[in-house]
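Summary of the model geometry
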Amino acid sequence: MIDAGPNTLLERGAELEGLASQLSGARAARGSVALLEAPAGHGKTSLLRVLRAEAADNGLRVLAATGAPLERDFAFGIVRQLFDAELHGADAARREHLFAGAAALAEPVFATVPAADQQDPAHSTLYGLYWLAVNLAAEQPLLLVIDDAHWADAPSLRFLDALARRVEDLPVLLAIGARPAEPGAEQELLDGLATAPATRLHRPGALSEAAVRALVSAKLDAEPGFIAACFETTRGNPLLLTELLKSAPFAGRADEAEAVRTTVPGTVARTVTARIRRLSDHALAVARAIAVLGDATSLERVAALSGLTPAEAASELDQLAQADLIDPADARFTHPMVREVVEADLGAQRARLHREAARRLHADGALDGVVATHLLAAEPANDPWASEILARAGRRALAEGAPDVALTLLSRCSPATPESLVALGLARFRLGEDPLPPLDEALAGDVSPDLAADAAAIAAAALVLASEPRRAAARLRAAIPRAPEARRGELEDQLVEALSYRDDDAEEYLATVERHRDSDRPTLLCHLAHARAMAGAPRSEVLPAWRRAFADTRVFARLGVERFAALWAIEALLAVEAADEAKEAIRAMTDLTDRAGSRSSAGAAAWLEARWERRFGHLRRAEDLARHGLDLGRGAHVPETAIGTTLGGILLDRGDLPGARDALAAIPEPGPTASIFGLWATRARLQLEEGDPEAALTSLERQESADAARRWLIGLREDSHALRVRILLALGRADEAEAFARTEIDRAQAREAAGAEAVLHLALGDAQRAVDAAQRAPLPLVRATALAELGFALRRDGRRADARPPLREARDLAHRCGAVALEARVHEELVVAGARPQRLAFSGVDALTAQERRVAELAVRGLRNREIAEALFVSLKTVEVHLGRAYTKLGIKGRSQLADALA
Ligand SMILES: Nc1ncnc2c1ncn2[C@@H]1O[C@H](COP(=O)(O)OP(=O)(O)OP(=O)(O)O)[C@@H](O)[C@H]1O
Ligand SMILES: [Mg+2]
């Protein structure tokens, strides 16, 4: 148990014991969160003080921060308090170490000069801060103390939440003090922390009468009647009791009970006010200056704000310390309630003092964010200087990933400028709110062409997300002619994206892409490669277009991690069956998105990998990747549609009809993107396999008309041309099926797509031709299916011996690509054909799940566990678990054998 030392805390045995065990857990890398939640004065700060001393004695590094009402509007204020001192003290080498790896994403938070705006900063900053904590904890176990978290800023609380959810395998104890249900607190975030699995809640209660007696008796020779009055009126609140005893020179007699009762109901406020009243005017002025300055106190500033010389201010500080209002060590109030009382008593001077503080702090070179908190506390005034600072602080908060703080700051810019309005629009966009009102207000004024371009870009992005691509396109069309030359390309790129969503816009989309066919802008080149491939261009034409788009793999960085043009180019590669090039492109993309730390682009990358595995690799890996991607994209309409459709198709390939039905049913109400992702075709295939060819034809025709509007001739969606052949045959329309198939086979041959050709032969039931074509294509599932059908046909003809070789090959291939249902069927046929097939053991590389395989592959590429964890958005522990399982399945002892085992 922790010894509370000379200033013993009464009745806190359970809390101290619990904290002690969490502390020793943290030292053994079993981190946790201690949340001390209790009303004002119950001793949270006192417990944290004991914990800090104990941790320091036990070799932990202690970093601490305290919330304050004013600083709630300073993005990452708490985070800065926590880490700033440690980072400033660090030399260049240590700093580099602390910001190594993904931690670099957090560096802008600690820079004095704001970073340029980044994509999806919210996620990457939190991610970087998490890794900064990991790096610090790797040097020495860590105690992070955040007191008065009910006043903490929201971005910092989000970081604490992210850390809390991954703290369990770190040598870190996160100790947080907060009042429950404090007005203005970020209650949702605090509640989130309280419910994190690693959180242990401590609720120090009121003191018993015996404890009150002990506390009173330590000061006074008190009579029972006096003690009873103290207990009754303070209800065992230690703070009220302490303040009560300070408030008047009580002797402890029973006849003072009445005086006790009338003192306390006014709570601390009155006792503090009374003590302050006894002070001189100068002392009061100094107390007010300290209350206003908050965290930023210095003797000079206090003196200036209270209108005294530094020497005078210093002597008033002594007075305040003697009255036990100020802690002489750091010129802070002894208790936050003292500050609250002084602050509440500022009255009409409040605004003036905060504005004055803002000017001083600005003159002293304070960060805009700090100055801005004072401007917010001052009354709104029409002040261009203040507006400018608020706007700068708001833009920085935006760049750091704190759009909520930015919104507060930017809404207060008065006069609002076009700059502040456009930034306000961006903040609202990032928060998922409608950005159009401030953007339109900016555009109505005297706005520079550059800002107008910014406004158009933000408005269009918001409209696309809101499933209003048509309005997005209209705005972009209007903005492009007015934009500065240098910005036009970017807006045109965005227009192409907006147009790509709606089947009805297909004409204009294609015309725009074609018009720019000689451009070297990556977005356009990606769309161009796609349009060509889908219109049936042969591989020999599509590959050069792709190479131009990807000439420099930094194209992904330029495209921006949240903009998905690269996906179109990669799909073009899937369409022309260029397995190796597609793999290369996907790898380049995942490398970059991993580093950017963006969840949505990691989801998109997993989706593409799933599609690659489905066509060229292994179905179970495809399924795992699709499910992983779906997890990352959960809650967003477009990813749920795209990845849900892919998952449904994969499950159909695996022969899992109920699974496919569920996956498709889980897709939200289909929006305008359903046809791009092939939802109708996948539904058609499910309906056919469920024995309802009529319904299948209706669904397929919906897909086909969308494809036709886009001039997609090749039927890539669920092999929709082969699907039509199968449906027509099931409906007894054999002649039509035959004629349609012949045309499409010719077209597949012309575009050198042997896989597509094989699938069409298969649909017609021509197994021999299907095998011939499939041997030329890198699609193992198609090849397995073709060989199986050939084997079945030979066996039906009674040619059992001839049937065996293709069946054997089919079974091996089906096994290798994870087509479980096909493998089982072929196995049965082999038995019928008189072979005695061995059951294939399910171990080795094929037994690895997609995540296990990814972890293992990254390990082979030389990444350390923590780098793997960073890349895959998982904890270190998860990486260790996956690796351990992979070793077992592969039958190896460790990392050094991995490369051979995977080869
Ligand atoms: N268990 C205890 N035994 C004796 N004294 C206590 C105890 N708990 C708190 N005190 C005293 O009560 C006063 C208030 O405690 P403290 O400042 O720790 O409260 P708090 O919970 O942090 O309040 P707030 O929510 O206002 O920050 C301090 O003077 C402290 O010494
Ligand atoms: Mg406290």
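Description of the structure in this document. Predicted, not measured: the structure shown is a model, and the values here were computed from it.

In terms of nonpolar packing, the biggest core is built from 227 residues, with F83 and L144 touching the most fellow members. Setting aside residues no more than four positions away along its own chain, F83 makes contact with L63, F110, L132, L136, L144 and F159. Ranked by size, the runner-up nonpolar core spans 25 residues in total, among them I276, A291, L308 and V338.

Our next topic: the pattern of salt bridges. A full pass over the atoms with the stated rule returns 60 salt bridges. The closest approach of N and O atoms between R621 and E613, which form a salt bridge, is 3.3 Å. Like R621, the residue E613 is buried in the burial classification. Measuring nitrogen to oxygen at the nearest pair gives 2.9 Å for the salt bridge that ties R795 to E829. Of the two residues, R795 sits in helix α43 (residues 780-796) while E829 sits in helix α45 (residues 820-832), which places them 34 residues apart along the sequence. Residue classification places R795 among the partly exposed residues on the basis of a relative accessible area of 23%. Accessibility expressed as a relative area gives 15% for E829, which makes it buried.

Now for the packing of helix α14 (residues 281-293) against helix α17 (residues 336-344). Orientation of α14 relative to α17, taken along the N-to-C sense of each, is 105 degrees, at an axis distance of 9 Å. Viewed along their axes, α14 and α17 adopt a mutual orientation that is roughly perpendicular. On α17, the residues touching A287, R288 and A291 of α14 are R339, V342 and E343. For the contact of α14 with α17, the per-class residue count stands at three nonpolar, no polar and three charged.

Taken together, 19 residues surround ligand 1, and among them G41, K44, T45, S46 and H335 come closest. Between an oxygen atom of ligand 1 and a main-chain N or O atom of G43, the distance comes to 2.9 Å. Between an oxygen atom of ligand 1 and a side-chain N or O atom of T45, the distance comes to 2.7 Å. In isolation ligand 1 exposes 630 Å². Once the protein is present, 87% of that is buried. Broken down by secondary-structure element, the contributors of at least two residues to the shell around ligand 1 are α2 (44-57) and α11 (238-247). Class assignment for the residues of the shell around ligand 1 results in eight nonpolar, seven polar and four charged. The two domains that each donate at least three residues to the shell around ligand 1 are domain 1 (13-202) and domain 2 (209-275).

Glancing now at helix α35 (residues 637-653). Its 17 residues place the ends of α35 25 Å apart at the C-alpha level, agreeing with the 24 Å of an ideal helix rising 1.5 Å per residue. In terms of burial, α35 is a largely internal element, 14 of the 17 residues being buried. G655 occupies a position one or two residues after α35 and carries a positive phi of about 85 degrees.

This next bit is on the sheet that holds strand β5 (residues 199-202). The strand order across the open sheet formed by five strands is β2-β3-β4-β1-β5, and the pairing between neighbours is parallel. The open sheet terminates on both sides in strands that have one partner only, identified here as β2 (61-66) and β5. Recorded for the sheet is a direction-independent mean angle of 15 degrees between the axes of neighbouring strands. In terms of strand pairing, strand β1 (residues 32-37) meets β5 through four bridges, oriented parallel. Note on β5: the bridge partner recorded for V33 is T199. Relative to the sheet, α2 contacts β1, β2, β3 (142-147) and β4 (172-178), its axis offset from that of β3 by approximately 165 degrees. Relative to the sheet, helix α7 (residues 154-164) contacts β1, β3 and β4, its axis offset from that of β4 by approximately 135 degrees.

With six of its six residues buried, β1 lies for the most part within the structure. Burial of β1 is two-sided: the residues S32, A34 and L36 facing one way and the residues V33, L35 and E37 facing the other way are all buried. In terms of strand pairing, β1 meets β4 through six bridges, oriented parallel. Its bridge partner lying in β4, A34 is registered against A175.

Attention shifts here to the pairing of β2. Residues of β2 alternate between two faces, with R61, L63 and A65 buried on one and V62, A64 and T66 left unburied on the opposite face. One ladder, built from six bridges, connects β2 with β3; its direction is parallel. Note that in β3 the partner of V62 across the bridge is L143.

Interaxial distance between helix α46 (residues 850-860) and helix α48 (residues 876-890) falls to 9 Å at its minimum, and their mutual angle equals 95 degrees. Regarding the angle of α46 to α48, the classification is roughly perpendicular. The residues of α48 that touch α46, namely those facing Q851, E852, V855, A856 and A859, are V879, H882, L883, R885 and K889. Class assignment for the residues of the contact of α46 with α48 results in five nonpolar, two polar and three charged.

The next point concerns empty space enclosed by the protein. In this structure the tally under the stated criterion is ten cavities of 30 Å³ or more. Computed from the structure, the largest cavity encloses a volume of approximately 160 Å³. Of all the elements in the fold, those that place two or more residues in the lining of the largest cavity are α39 (720-730), α40 (734-750) and α41 (754-764). Looking at the lining of the largest cavity, its residues break down into eight nonpolar, two polar and six charged. Forming the walls of the second largest cavity are R355, L375, A378, E379, P380, A381, D383, A386, S387, L390, R412 and S414. Residue contributions to the lining of the second largest cavity peak at three residues, all from helix α20 (residues 384-399). Looking at the lining of the second largest cavity residue by residue, the classes come out as six nonpolar, two polar and four charged.

Quick notes on the rules
Residues numbered from 1 in each chain as written. Chains lettered and ligands numbered in written order. Predicted model: local features only at pLDDT ≥ 70, side-chain atom pairs only at ≥ 80, totals over all residues. Heavy atoms only, no water. Core = buried A, V, L, I, M, F, W, Y, C linked by side-chain atoms within 4.5 Å. Buried < 20%, exposed > 50% of the residue type's maximum accessible area, 1.4 Å probe, protein only. Contact = heavy atoms within 4.5 Å. Salt bridge = Lys/Arg side-chain N within 4 Å of Asp/Glu carboxyl O. Helix = DSSP H or I, 4+ residues; strand = E, 2+ residues; numbered from the N terminus. Axes fitted to C-alpha atoms, helices over the stretch in contact; angles between N-to-C directions. Parallel < 35°, antiparallel > 145°, perpendicular 65-115°, else oblique. Nonpolar A, V, L, I, M, F, W, Y, C, P; charged D, E, K, R; others polar. Near = heavy atom within 4 Å. Polar contact = N/O pair within 3.5 Å; in protein donor to acceptor, adjacent residues only side chain to side chain. Areas by Shrake-Rupley, 256 points an atom, 1.4 Å probe, with all protein chains shown as cover. Domains from an automatic or database assignment. Expected span 1.5 Å × (residues − 1). Pairing = 2+ DSSP bridges. 1 Å grid on protein atoms, 1.4 Å probe; cavity = no way out; pocket = protein on both sides within 12 Å on 5 of 7 lines; lining within 4 Å. Points joined across faces, edges and corners; volume = space filled by probe spheres on them.

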